[in-house]
Every structure is written in C-alpha cells, then in structure tokens.
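Chain by chain, the residues:
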Amino acid sequence: MTLFDVYPLNNITITSAKGSYVWDQDGVQYLDMYGGHAVISIGHTHPHWVKRIEDQLEKIAFYSNSVVIPIQKELAAKLGRLSGKEDYQLFLCNSGAEANENALKLASFYNGRKKIIAFKKSFHGRTSLAVAATDNPAIVAPVNETDHVIFLPFNDEAALKACFAKMGKEISSVIIEGIQGVGGINIANDSFLELIRTLCDEHGAVYIADSVQCGYGRSGKFFAHDFAGVNADIYTMAKGMGNGFPVAGILIAPKIQPKHGMLGTTFGGNQLACAAALAVLEVMEEEKLIENAKVNGEYLIEKLKAVEGLKNVRGRGLMIGFDLSDELKELKKKLLFDFKVFTGEAKPNVIRLLPSLAISRKQIDEFLFSLGEAIAELREKA
Ligand SMILES: Cc1ncc(COP(=O)(O)O)c(C=O)c1O
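Criteria and thresholds
- Residues numbered from 1 in each chain as written.
- Predicted model: local features only at pLDDT ≥ 70, side-chain atom pairs only at ≥ 80, totals over all residues.
- Helix = DSSP H or I, 4+ residues; strand = E, 2+ residues; numbered from the N terminus.
- Buried ≥ 20, exposed ≤ 12 C-beta atoms within 10 Å, placed from the backbone.
- Contact = placed C-beta atoms within 7 Å.
- Pairing = 2+ DSSP bridges.
- Axes fitted to C-alpha atoms, helices over the stretch in contact; angles between N-to-C directions.
- Near = placed C-beta within 6 Å.
- Nonpolar A, V, L, I, M, F, W, Y, C, P; charged D, E, K, R; others polar.
- Domains from an automatic or database assignment.
- Core = buried A, V, L, I, M, F, W, Y, C linked by C-beta atoms within 7 Å.
- Parallel < 35°, antiparallel > 145°, perpendicular 65-115°, else oblique.
- Left-handed = near helix turned anticlockwise from the far one by under 90°.

### Some words on the overall build of the protein chain
Okay, so step 1: Summing up its helical and strand segments, the protein chain has 11 helices and 17 strands in all.
Okay, so step 2: Projecting the C-alpha coordinates of the protein chain onto the three principal axes gives extents of approximately 60 × 55 × 45 Å.
Okay, so step 3: A buried classification covers 48% of the 382 residues belonging to the protein chain.
Okay, so step 4: The long-range share in the protein chain, meaning contacts at least 24 apart out of those at least 6 apart in sequence, stands at 74%.

### So, the sheet that holds strand β13 (residues 310-316)
Okay, so step 1: With respect to topology, four strands assemble into an open sheet ordered β13-β14-β17-β16, the strand pairing being antiparallel. The outermost strands of the open sheet, each flanked by one partner alone, are β13 and β16 (344-346). Geometrically, the sheet is characterised by an average inter-axis angle of 25° between neighbouring strands, direction not taken into account.
Okay, so step 2: Strand direction decides the pairing type here: β16 and strand β17 (residues 350-353), joined by three bridges, are antiparallel. Its bridge partner being in β17, Gly 344 is matched across the sheet by Arg 352.
Okay, so step 3: Sheet contacts for helix α9 (residues 289-305): β13 and β14 (319-324); angle to β13, the most-contacted strand, approximately 170°.

### Overview of the environment of Ser 20
Okay, so step 1: In this fold, Ser 20 is placed in the loop between β1 (14-18) and β2 (21-24).
Okay, so step 2: Owing to 25 C-beta atoms within 10 Å, Ser 20 belongs among the buried residues under this scheme.
Okay, so step 3: Distance from Ser 20 to His 260, taken between C-alpha atoms, is 42 Å for residues 240 residues apart in sequence.
Okay, so step 4: Discounting residues that sit within four places of it in the chain, Ser 20 has contacts with Leu 31, Asp 32, Gly 43, Pro 355, Ser 356, Ile 359 and Gln 363.

### Looking at the pairing of β17
Okay, so step 1: Because side chains alternate across β17, one face comprises the buried residues Val 350 and Arg 352, and the other comprises Ile 351 and Leu 353, equally buried.
Okay, so step 2: When β14 meets β17, the two strands line up antiparallel, connected through four bridges. The residue bridging Ile 320 from the neighbouring strand is Leu 353, located in β17.
Okay, so step 3: Linking β16 back to β17 in an antiparallel pair, the connection comprises three residues.

### Topic: the site of the ligand
Okay, so step 1: Around the ligand sit 14 residues, and of these Gly 96, Ala 97, Gly 125, Val 212 and Gln 213 come closest.
Okay, so step 2: For the shell around the ligand, the element with the most residues is helix α4 (residues 96-111), which contributes three residues.
Okay, so step 3: Along the lines of polarity and charge, the residues of the shell around the ligand split into five nonpolar, seven polar and two charged.

### Considering the domain arrangement of the protein chain
Okay, so step 1: Taken domain by domain, the protein chain comprises domain 1 (14-42 + 289-381) and domain 2 (47-286).
Okay, so step 2: Relative to domain 2, the C-alpha centre of domain 1 lies at a distance of 27 Å.
Okay, so step 3: Listed per partner, the contact involves 23 residues of domain 1 and 25 residues of domain 2.
Okay, so step 4: Looking at the side of domain 1 that touches domain 2, the elements with two or more residues in it are α1 (35-38), α9, β13, β14 and β17.

### Things to note about the nonpolar core
Across soluble globular proteins, nonpolar side chains have a tendency to be buried as a group.
Okay, so step 1: Residues Ala 133, Val 174, Ile 208, Ile 234, Ala 276, Ala 277 and Val 280 are the most contacted members of the largest nonpolar core, which totals 112 residues.
Okay, so step 2: Tallying contributions element by element places helix α8 (residues 271-286) first for this core, with 12 residues.
Okay, so step 3: Split by domain, this core shows at least three residues from each of two domains, domain 1 (14-42 + 289-381) and domain 2 (47-286).
Okay, so step 4: In this view, Val 280 contacts Ser 41, Ile 42, Trp 49, Met 241, Gly 242 and Asn 243; residues no more than four positions away in its chain are not counted.

### Digging into unusual backbone geometry
Okay, so step 1: Geometrically, the link from Lys 347 to Pro 348 is a cis peptide bond, its omega value of 0° lying close to zero.
Okay, so step 2: As for its placement among the helices and strands, Pro 348 is situated in the loop between β16 and β17.
Okay, so step 3: The backbone phi angle of Asn 243 is positive, close to 55°, even though this residue is not glycine.
Okay, so step 4: Note on placement: Asn 243 falls in the loop between β11 (234-237) and β12 (248-252).
Okay, so step 5: On the basis of neighbour count, Asn 243 is assigned to the buried category, with 29 C-beta atoms found within 10 Å.
Okay, so step 6: Phi angles above zero are rare outside glycine, and Lys 288 is one such case at about 50°.
Okay, so step 7: By the secondary structure assignment, Lys 288 is in the loop between α8 and α9.

### Some points on the sheet that holds β12
Two modes of strand pairing occur in sheets, parallel and antiparallel, and in both the strands are linked by backbone hydrogen bonds.
Okay, so step 1: With respect to topology, seven strands assemble into an open sheet ordered β4-β12-β11-β10-β7-β5-β6, the strand pairing being mixed. Each having just a single partner strand, β4 (89-93) and β6 (149-152) make up the two edges of the open sheet. Taken over all neighbouring pairs, the strand axes of this sheet differ in orientation by 20° on average, direction set aside.
Okay, so step 2: Summarising the sheet, strand β7 (residues 171-177) and strand β10 (residues 206-210) pair through five bridges and their orientation is parallel. Counted as the bridge partner of Ile 176 is Ala 209 from β10.

### Section: the packing of helix α2 (residues 47-59) against α8
Okay, so step 1: Running from amino to carboxyl end, α2 crosses α8 at an angle of 155°, the nearest separation of the two axes being 9 Å. Regarding the angle of α2 to α8, the classification is roughly antiparallel. Like other packed secondary-structure pairs, α2 and α8 cross with a definite hand, here right-handed. Together, His 48, Trp 49, Arg 52, Ile 53, Gln 56 and Leu 57 of α2 and Gln 271, Leu 272, Ala 275, Ala 276, Leu 278, Ala 279, Val 280, Glu 282 and Val 283 of α8 make up the contact between the two elements.
Okay, so step 2: Partitioning the contact of α2 with α8 into residue classes produces 10 nonpolar, three polar and two charged.

Rendered as structure tokens:
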C-alpha cells in the first residue's frame, strides 16, 4: 500500500526532539522555529509532559464519554483559571477543524440561524463547514459549497456594519482568527473585534474566536482575541493544547446551554488526551511561558525589524511574520537545508515563525545569526 500523496514533503526524517531542537536520522540538529506547525507549545518531549502521559497510560488511556471522567473536570478547572474564562463550559474534541465545526454548529443550534460571516484569507480547517468558512476555493470540494457563508474583508468595519444592517437577523455567527495564521500573520484590529462583539450582541449572533493557531499563550496573552478586551461567545482551541498530542476543545459562554446529544465525539476528552493537555497547562504556568512568549516575541520582532531585506515584520508574542523581497524568495529553503532551521511560510512570500513558547533568548539569537548569514549568501548570489 502507498501513502495518499497529499503533502509536499521536505526530504528529511525527524527521529528525535527536545525543547526547541529536533534531530534527523543522521543525528543532524535543527532549530525548530516552526513549532511543528504551531503545535509545540511547551517544547518537544518536555519531561513533565512525557511523565504525565506515561503515568496515565499505565492507568487507563481511553474510556468513552458514557462514564464520569474526572480528569476532564480537572482540565476544565485549570483551563478556566489560566485562560481567565472560569465561567465558560468546555467541550472536548480532537482537532482544530472539529473544534470550529462544533462551534459553528452550536451557534446555529443556539440561535436557529444559518448564515456565517467569515473573512478574506481566513483558514478554519478542512471539514465540511470549517472548510466552507475558509477563504481558499482550492480546498473546498463541490459537496462543501454552501451559500451560508459570507466572506467580508478582514478588519473592514464599514463592510461588517453594512452586512449586519442588511441581514442582521439571519446571521448565526461571526468566526475570526485573532491573528490569521495560514493567511500570512494578519492581526485583527482591537476595534474590529470590539465591533464584532457589539454587533453580535445587537443582533443575537454568536462571536466565535478561532484560537486554534493564535491561542494557548502564543500571542503573549492566553487568547490573541483578549487584546481587544472583549469576550467571545466561543473560543476554539487545538494545536498548542496538547503539545503534539491530538486534543482540541471549545470554550462556551454560560448563556449557551447544553442539551444531551447536542454535540458528541468518541475520542474527544479521553483520559490520555486530558493528561497531555493538563501537563501542557501545568508547564505553561510553572515556567511562565505566556510571559516568555510576550517578552521573547517582542525581542525577536524588534531584532527582525532591523534586518535588511525583511519587509513588514509583524506579529504578537511568538506568532510572527515578515514578507520577502524577490531576491530572498529561497530563504525558507536555504534556512532549512543550509542552516538547519525550520520555519513556516504563507503563500506567496511570507515567512511565519511559530516556535515553542519555551524558546530561549540564546536560541533566538542563534536563529537571528543564521538568518543574517542566509540572507547575506542569497544576496551575494543575486
Ligand atoms: C486558525 C486555524 N483554524 C483551524 C485549523 C485546523 O486545525 P486542524 O488542522 O487541527 O484541523 C488551523 C490549522 O492550521 C488553523 O490554523
């Protein structure tokens, strides 16, 4: 049997990892400024995370949501405290797309409506409704096409107001990333998020904060949406939540009431996933990783702004992007193959940095040194 060939691969096999480094099968070390696609929050194979998963594995890995699972309540309490959303309710699932799918569905159950407002350059996942709310026709199959989703320009307050004025009674939800990731590191303006809050309140719509990539401390606050100082009705989370163990969830405001059977999943909230998620929060708290993301993120952004050839350096915390001029278009490849540094990208010319929240100042300096050398070599060739 062959693998279904959907991923354009770098010809590298990673066999071990620790903190912000990974190693290939020949023992070559790479600095991970990509965090395995924004997933590695507390650092690869953190010893507390490994131990908590091992200990749980010895007891029980899985039993279905037909019985009481106390570790789910433990996770909800800790998550409520660290995120500052203690009065919210937690529903656990398995991936970012599933979290958004559940959020959009729950909003529609809540207000009985069908229309969704999403934004240009958004990415919300690949399942049916999540992909329909994603601004990329290339990944929307004919069966996923729907006229329920309205795409508006990002950060365009006038367009949002006009849309609500025209069809406010039909809008079920507004879904927005606090910082667009796949779209190229675009920060939602605080005033735009405030306006979403106001308009949703006025018209009975649900404000969904897609925090799958920008959440879980990455921005220097627990949720990037928190910068606006208003609460969303639903927060969706995945990536950093398990530090690589598949676990996801949604935080649901108290006004949205549950009913038995309304949502459900076989694997969501299993004991092993909850142990991994708890370990992540414990390390985040113990090692003050949100503060680390803020401080080291500011440092990195500042330094990047001084690097010649990088344009429009932007981001919050450790979710950072910059544009590349034509002469530097091979920078990502050069960093990976010649300098052994993983970075992310966004089409057509954006480099995305999404390292572990535990990255050290020394590792950031190491990255900046490699970046400087790589740019110099590319310029010499140009
Ligand atoms: C903002 C955002 N939402 C949703 C998703 C989908 O998450 P998953 O790949 O876990 O389904 C992603 C993945 O990149 C994302 O960046």
